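# Observations on the model geometry
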Amino acid sequence: MRVEVHVDKCIGSGVCALVAPDVFDQRDDDGVVILIAEHPPAEHQESAYEAANRCPAAVIEIHTNRAATR
Ligand code: SF4
């Protein structure tokens, strides 16, 4: 799994950091997302998916393929 965030379109809602705190954080000043784990380990992948589904700006993309699922 590879996580991609379109930071320029993030509205700083914080849903991602709430749902998947091991994958996402937020900047202190404006709340814009910080991607902590571009390649989250298996135990954090479900929460990464949930964050992508719940992001109100739909700026989180999850990429998967056989070569990058670790
Ligand atoms: S949930 Fe989406 S809009 Fe909200 S901080 Fe995370 S990436 Fe940004």
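First, a word on what this report is: a plain description of the structure on this page. Here the structure is a predicted model, which is why all the values come from computation and not from measurement. (Residues numbered from 1 in each chain as written. Predicted model: local features only at pLDDT ≥ 70, side-chain atom pairs only at ≥ 80, totals over all residues. Heavy atoms only, no water.)

### Describing the overall build of the protein
- Along the backbone of the protein there are 2 helices and 4 strands.
- Along the chain direction, N to C, the helices and strands of the protein fall in the order β-α-β-β-α-β.
- Taken over the C-alpha trace, the protein has a radius of gyration of 11 Å; the compact-globule value for 70 residues is 11 Å, and the two agree within 12%.
- Considering only C-alpha atoms, the protein reaches an extent of 35 × 20 × 15 Å along its principal axes.
- Within the protein, buried positions represent 36% of all 70 residues.
- Taking all contacts inside the protein whose residues are at least 6 apart in sequence as the whole, residues at least 24 apart take part in 58%.
- Here the protein has roughly 4500 Å² of accessible surface; of this, 46% comes from carbon and sulfur atoms. (Helix = DSSP H or I, 4+ residues; strand = E, 2+ residues; numbered from the N terminus. Rg over C-alpha atoms; globule rule 2.2 N^0.38 Å. Buried < 20%, exposed > 50% of the residue type's maximum accessible area, 1.4 Å probe, protein only. Contact = heavy atoms within 4.5 Å. Areas by Shrake-Rupley, 256 points an atom, 1.4 Å probe, with all protein chains shown as cover.)

### As for the site of the ligand
- Residues in contact with the ligand amount to 13 residues; listed here are only the nearest, Cys-10, Ser-13, Gly-14, Cys-16 and Cys-55.
- Class assignment of the residues belonging to the shell around the ligand gives a composition of 10 nonpolar, 3 polar and no charged. (Near = heavy atom within 4 Å. Nonpolar A, V, L, I, M, F, W, Y, C, P; charged D, E, K, R; others polar.)

### Some points on the nonpolar core
- Core analysis: the largest hydrophobic core is formed by 18 residues, its most contacted members being Val-3, Val-5, Val-23, Phe-24, Ala-51 and Ile-60.
- If you list the elements that add at least two residues to this core, you get β1 (2-5), α1 (15-19) and α2 (42-54).
- When residues of this core are assigned to their parent elements, the largest contribution, 3 residues, is made by α2.
- Non-local contacts of Val-5, meaning those with residues more than four positions away in its chain, are made with Phe-24, Val-33, Leu-35, Val-59 and Ile-60. (Core = buried A, V, L, I, M, F, W, Y, C linked by side-chain atoms within 4.5 Å.)

### Digging into α2
- Three or more residues of α2 are buried, namely His-44, Gln-45, Ser-47, Ala-48, Ala-51 and Ala-52.
- Tucked into the core, α2 has its buried residues touching β1, α1, β2 (24-26) and β4 (60-63).

### Observations concerning the environment of Ile-60
- Mapped onto the elements of the fold, Ile-60 is located in strand β4.
- Using a relative accessible area of 9% as the deciding quantity, one classes Ile-60 as buried.
- Counting along the chain gives 25 residues from Ile-60 to Leu-35, while the straight-line C-alpha distance between them is 9.9 Å.

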